[in-house]
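A closer look at the structure
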Amino acid sequence: MSCVCVLCTSVLLAVLMLCGAVPESQVPVSYGERGSNLGLQVFRRVVQEKPQENVVLSPHGVASILGMLLPGAHGNTKRQLIAGLRYKKKGPYKILRKLHKTLTSKSNTDLVTIANALFPQEGFDMHDDFLEASRDNFMADSHSLDYRNPQQAADFINEWVSNRTKGHIQNLVQPDILDPTLTRLVAVNSIYFKGLWKSRFNAQNTKMRTFTGGDGKSYKVPMMSQLSIFNIGMANTPDGVKYRVIELPYHGNSMSMFIALPSDESTPLAAIMPHLSTETVHGWGSVMHQGKIRLLLPKFTAEAEVDLEGPLSAMGIRDLFIEGKADFRHLSSEPVHVSKALQKAKIEVNEDGTKAAVATTAIVLARSSPPWVIVDRPFVFLIRHNPTGTILFSGQINKP
Ligand SMILES: *[C@@H]1O[C@H](CO)[C@@H](O)[C@H](O)[C@H]1NC(C)=O
């Protein structure tokens with residue numbers, strides 16, 4: 001029997017070089033949610049600029065790289081980070097360490113691998129407290145490199161990233177973003193996720209069907225199908241736009257993929273995007289109920305690279321990018337700023353018959369024919385670690 005497996009990877013890097021306000025709303029509860037909420041705001045800004053494209057981003061990855069730099073920051077640079085992440089001023093680190101431990105705990109290791117690293121220029125003097133914080137809180141490796149040879153340094157970082165994402169993210173760093181005389185530190189966060197559906201799709205039921213893309217054109221795509229019990233519901237945006245929500249749990253029960261799509265076929269996906277937050281996802285819990293449906297979901301692969309400087313600056317996390325304004329005095333006594341913050345993420349929802357773990361299949365045959373739920377137009381997906389509310393991945397799929 002074959003199964004469907006989902007692979008997700010995300011890598012984010014911040015390059016620091018030597019240089020010669022987020023709107024208030026309801027404060028989310030957990031630190032996983034606080035960070036993810038910032039990441040979701042970044043996601044919403046990115047899809048606003050790319051309404052027709054497929055976008056994949058890791059909200060937790062965005063929060064992680066900022067969290068790694070936070071102990072080095074001071075003054076306005078620090079204030080903007082804390083405000084954006086909605087962390088408490090005193091001591092978010094203990095909680096972040098616990099979050100990292102929970103996400104990478106044994107019960108999740110089959111699903112998620114999170115790796116963090118710092119690649120300083122050889123001889124770059126970092127404060128011990130900063131190094132300790134990144135080691136303790138984010139279990140970050142540290143490898144010194146020589147950026148005077150940008151190609152060699154990029155090759156090393158890319159190999160590290162490829163290793164940690166099982167080969168799914170290649171060539172993250174182009175040598176031309178590294179400056180032979182100015183680059184002092186490259187910080188990388190990588191997330192690799194591989195989940196097996198709790199209730200699998202049978203490959204024999206996958207058929208080519210029509211999907212109406214974000215561009216209005218019809219495409220034939222492989223559509224998976226299963227009759228099963230899912231959490232489904234109907235939600236509303238504050239403007240009254242109705243949309244459908246479906247939860248697909250992964251094997252192990254701690255992670256789920258949530259899919260949202262407008263119920264009216266003529267409503268663009270953009271109509272529900274501004275509504276997307278960790279609070280909203282929380283709220284879905286109360287509108288969803290278990291129902292027996294025939295679910296048709298496309299197999300899909302999507303990959304995207306996002307430059308975070310624009311979205312973060314627009315949200316008030318600005319000074320860390322500006323030479324002369326960035327204040328990382330707790331990182332090093334040399335004045336540094338972030339010259340590049342890039343995230344590359346990839347998702348594959350496909351069938352894989354060889355890596356099937358023991359899985360429970362809940363196929364219940366219906367007496368009467370159950371309703372069909374067909375995901376045949378642009379949709380949003382979120383992959384959430386349910387106990388902490390952390391959003392590991394978010395995506396917009398316009399064409400599978
Ligand atoms: C990547 O993995 C290979 C094989 O395990 C290892 O030899 C190499 O040192 C690793 N590279 C990095 C940069 O971690």
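Since we're looking at a predicted model, the values are computed, not measured.

1. Here's the deal with the site of the ligand
- Lining the immediate environment of the ligand, one finds Phe156, Glu159, Trp160 and Asn163.
- Contact distances for the ligand include 2.7 Å between a nitrogen atom and a side-chain N or O atom of Glu159.
- Asn163 is positioned such that a nitrogen or oxygen atom in its side chain is 2.3 Å from an oxygen atom of the ligand.
- When the free accessible area of the ligand is taken as 360 Å², the share hidden by the protein chains comes to 42%.
- Tallied by class, the residues present in the shell around the ligand amount to 2 nonpolar, 1 polar and 1 charged.

2. Section: the pairing of strand S15 (residues 390-397)
- Burial of S15 is extensive: 8 of the 8 residues sit out of reach of the surface.
- Relative to S15, strand S2 (residues 55-57) is paired through 3 bridges, and the arrangement is antiparallel. Of the residues in S15, the one forming a bridge with Leu57 is Ser394.

3. Notes on the packing of aromatic side chains
- Counting across every chain of the model gives 10 aromatic pairs.
- Relative to Trp160, the ring of Phe119 has its centre 5.7 Å away and its plane inclined at 85°; by these criteria the two rings are edge-to-face. In this pair, Phe119 is assigned in strand S3 (residues 112-120) and Trp160 in helix H6 (residues 150-164), connecting sequence segments 41 residues apart. Accessibility assignment for this pair places Phe119 and Trp160 in one class, buried.
- Each ring, one from Phe258 and one from Trp284, has its centre 5.9 Å from the other, and the planes form 45°; the classification is tilted. Here Phe258, found in strand S9 (residues 255-262), pairs with Trp284, found in helix H7 (residues 278-287); they are 26 residues apart in sequence, far enough to count as distant.

4. Some thoughts on a negative patch on the surface
- Taken together, the side chains of Asp125, Asp128, Asp129, Glu132 and Asp136 make up a negatively charged region of the molecular surface.
- Residue placement: Asp125 occurs in the loop between S3 and helix H5 (128-138).

5. Focus on the environment of Leu185
- Tracing the chain through its elements places Leu185 in strand S5 (residues 183-196).
- For Leu185, a relative accessible area of 0% gives the class buried.
- In this structure, the C-alpha to C-alpha distance between Leu185 and Tyr147, residues 38 residues apart in sequence, is 9.2 Å.

6. Focus on unusual backbone geometry
- Here Arg86, not a glycine, exhibits a phi torsion of approximately 55°, which is positive.
- The topology assignment puts Arg86 in the loop between helix H3 (75-85) and helix H4 (93-103).
- At Lys166, a residue that is not glycine, the phi angle is positive and equals roughly 50°.
- Here Lys166 lies in the loop between H6 and S5.
- Take Lys166: its relative accessible area is 54%, and that puts it in the exposed class.

7. Structural notes on H7
- Of all the positions in H7, only Thr278, Thr280, Val281 and Trp284 are classed as buried. For H7, the angular spread of the buried residues around the axis is 160°, confining them to a single face.

8. Here's the deal with the environment of Pro92
- Summarising the element assignment, Pro92 is placed in the loop between H3 and H4.
- Placed 10 residues apart in sequence, Pro92 and Ile82 show a C-alpha to C-alpha distance of 9.3 Å.
- In contact with Pro92, other than residues within four places in its own chain, are Tyr31, Leu70 and Tyr87.

9. Some points on the side chain of Ser228
- Looking at the element boundaries, Ser228 is found in strand S7 (residues 218-236).
- Judged by its relative accessible area of 0%, Ser228 falls in the buried class.
- Of the polar contacts made by the side chain of Ser228, one reaches the side chain of Ser199; its length is 3.1 Å.

10. Describing the pattern of salt bridges
- Per the stated rule, a full pass over the model turns up 7 salt bridges.
- Arg164 is the partner of Asp141 in a salt bridge, and the nearest nitrogen-oxygen pair spans 3.1 Å. Taken together, the residues Asp141 in strand S4 (residues 141-142) and Arg164 in helix H6 connect sequence positions 23 residues apart.
- For Asp141, a relative accessible area of 26% puts it in the partly exposed group.
- Linking Asp146 and Arg148 is a salt bridge whose minimum nitrogen-to-oxygen distance equals 3.0 Å.
- A relative accessible area of 23% means that Asp146 is categorised as partly exposed.

11. So, the packing of helix H1 (residues 31-49) against H7
- Packing of H1 against H7 leaves a shortest axis separation of 9 Å and a crossing angle of 115°. Considered as vectors, H1 and H7 are oriented roughly perpendicular to each other. Residues Glu33, Ser36, Asn37 and Leu40 of H1 form the contact with H7, whose participating residues are Thr278, Glu279 and His282.
- Its residues assigned to classes, the contact of H1 with H7 comprises 1 nonpolar, 4 polar and 2 charged.

12. Overview of the confidence of the model for the protein chain
- Summarising the model, the protein chain shows a mean pLDDT of 84, and 87% of its residues fall at 70 or more.
- Mean pLDDT values over the elements of the protein chain span from 51, in strand S1 (residues 3-18), up to 95, in strand S8 (residues 242-249).
- With pLDDT under 50 throughout, residues 1-8 is counted as low confidence; its partners more than four residues away or in other chains account for 56 contacts.
- Between residues 18-28, whose pLDDT stays under 50, and residues either more than four places distant or in other chains, the model counts 29 contacts.

Rules used in this analysis
- Residues numbered from 1 in each chain as written.
- Predicted model: local features only at pLDDT ≥ 70, side-chain atom pairs only at ≥ 80, totals over all residues.
- Heavy atoms only, no water.
- Near = heavy atom within 4 Å.
- Polar contact = N/O pair within 3.5 Å; in protein donor to acceptor, adjacent residues only side chain to side chain.
- Areas by Shrake-Rupley, 256 points an atom, 1.4 Å probe, with all protein chains shown as cover.
- Nonpolar A, V, L, I, M, F, W, Y, C, P; charged D, E, K, R; others polar.
- Buried < 20%, exposed > 50% of the residue type's maximum accessible area, 1.4 Å probe, protein only.
- Helix = DSSP H or I, 4+ residues; strand = E, 2+ residues; numbered from the N terminus.
- Pairing = 2+ DSSP bridges.
- Phe/Tyr/Trp six-rings, centres within 6.5 Å; stacked < 30°, edge-to-face > 60°.
- Patch = residues over 30% accessible without salt bridge, like charges linked within 9 Å, V, L, I, M, F, W, Y side chains within 5 Å.
- Salt bridge = Lys/Arg side-chain N within 4 Å of Asp/Glu carboxyl O.
- Lys, Arg positive; Asp, Glu negative; His and termini not counted.
- Charge placed at Lys NZ, Arg CZ, Asp CG, Glu CD.
- Arc of directions from axis to C-beta.
- Contact = heavy atoms within 4.5 Å.
- Axes fitted to C-alpha atoms, helices over the stretch in contact; angles between N-to-C directions.
- Parallel < 35°, antiparallel > 145°, perpendicular 65-115°, else oblique.
- pLDDT = per-residue confidence, 0-100.

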